[in-house]
Amino acid sequence: VQLQASGGGLVQAGGSLTLSCSASGRTDSRYTMGWFRQAPGKEREFVAAISWRGGSTTYADSVKGRFTISRENAKNTVYLQMNSLKPEDAAVYYCAADQDWWTSIATMPSGYDYWGQGTQVTVSS
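Residues numbered from 1 in each chain as written. Predicted model: local features only at pLDDT ≥ 70, side-chain atom pairs only at ≥ 80, totals over all residues. Heavy atoms only, no water.

(A) Structural detail: the nonpolar core. Of all hydrophobic cores here, the largest spans 36 residues; its most connected members are Trp 35, Leu 80, Met 82 and Tyr 93. At the level of secondary structure, the elements contributing two or more residues to this core comprise β1 (2-6), β3 (17-24), β4 (32-38), β5 (45-50), β7 (67-72), β8 (77-82), β9 (91-98) and β11 (119-124). Sequence-distant contacts of Tyr 93, defined by excluding residues within four places in its chain, comprise Ala 5, Leu 19, Trp 35, Phe 36, Arg 37, Val 47, Phe 67, Leu 80, Met 82, Gly 118, Thr 119 and Val 121. (Core = buried A, V, L, I, M, F, W, Y, C linked by side-chain atoms within 4.5 Å. Buried < 20%, exposed > 50% of the residue type's maximum accessible area, 1.4 Å probe, protein only. Helix = DSSP H or I, 4+ residues; strand = E, 2+ residues; numbered from the N terminus. Contact = heavy atoms within 4.5 Å.)

(B) View of the layout of surface pockets. Counted as a void, the largest pocket has a volume near 200 Å³. What lines the largest pocket is a set of 16 residues, and nearest its centre among them are Thr 27, Ser 29, Arg 71, Asn 73 and Asn 76. Mapped by element, the contributors of at least two residues to the lining of the largest pocket are β3, β7 and β8. Partitioned by chemical class, the residues of the lining of the largest pocket number 7 nonpolar, 5 polar and 4 charged. (1 Å grid on protein atoms, 1.4 Å probe; cavity = no way out; pocket = protein on both sides within 12 Å on 5 of 7 lines; lining within 4 Å. Points joined across faces, edges and corners; volume = space filled by probe spheres on them. Nonpolar A, V, L, I, M, F, W, Y, C, P; charged D, E, K, R; others polar.)

(C) Structural view of the state of the cysteines. Scanning all chains against the criterion turns up 1 disulfide. Covalent S-S linkage joins Cys 21 and Cys 95, the inter-sulfur distance amounting to 2.1 Å. The sign of the 65° torsion about the S-S bond sets the Cys 21-Cys 95 disulfide as right-handed. Here Cys 21 is found in strand β3, whereas its partner Cys 95 is found in strand β9, with 74 residues between them in sequence. You can call Cys 95 buried: its relative accessible area is 0%. (Disulfide = S-S within 2.5 Å.)

(D) Seen up close, the pattern of salt bridges. Considering all chains together, one arrives at 5 salt bridges under this definition. Of the charged contacts in the structure, one is a salt bridge between Asp 89 and Arg 37, with a shortest N-O distance of 2.9 Å. Taken together, the residues Asp 89 in the loop between β8 and β9 and Arg 37 in strand β4 connect sequence positions 52 residues apart. Each of the two residues, Asp 89 as well as Arg 37, counts as buried. (Salt bridge = Lys/Arg side-chain N within 4 Å of Asp/Glu carboxyl O.)

(E) Expanded view of the pairing of β8. The element β8 is extensively covered by neighbouring structure, given that 5 of its 6 residues are classed as buried. Sheet topology note: the β3/β8 ladder contains 6 bridges and is antiparallel. Bridge pairing in β8 links Ser 20 to Tyr 79. Pairing analysis gives 6 bridges linking β7 to β8, with the strands arranged antiparallel. Each residue of the ladder has a partner; that of Thr 68, found in β8, is Gln 81. (Pairing = 2+ DSSP bridges.)

(F) Inspection of the environment of Asp 61 at higher detail. Considering the arrangement of structural elements, one finds Asp 61 in the loop between β6 (57-59) and β7. Each C-alpha atom, one on Asp 61 and one on Phe 36, is 13 Å from the other, the two residues being 25 residues apart in sequence. Side chain to side chain, Asp 61 and Lys 64 meet in a polar contact 3.2 Å long. (Polar contact = N/O pair within 3.5 Å; in protein donor to acceptor, adjacent residues only side chain to side chain.)

Here's what the structure looks like:
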């Protein structure tokens with residue numbers, strides 16, 4: 001499966017952005033989908049993930065209550081609604097797919113099999 005992330009940009013602190021991740025290729029398979037981010041000089045970190053049916057979600061503590069992950073399987077698209085953005089949210093955001101959909105939602109990058117190219121989010125203070 002190929003993943004394409006989009007929706008990044010420049011936003012003021014306190015503002016909102018919605019990222020999208022579109023899947024193509026083998027989209028008939030079931031995938032847990034996740035969002036990760038990586039700031040310059042830092043390791044890639046988990047942001048949020050959603051089960052293939054959408055019934056289960058997991059968030060990093062740093063984004064709980066501010067970010068919402070959702071998916072539309074009919075459109076092969078996963079979203080990350082980001083509200084109340086902070087300067088520390090600035091990073092390149094990556095979407096990822098885990099083909100082991102029947103297992104617990106992974107929060108480590110090594111738990112994901114496919115990755116998109118990333119989209120830049122910049123938050124000005």
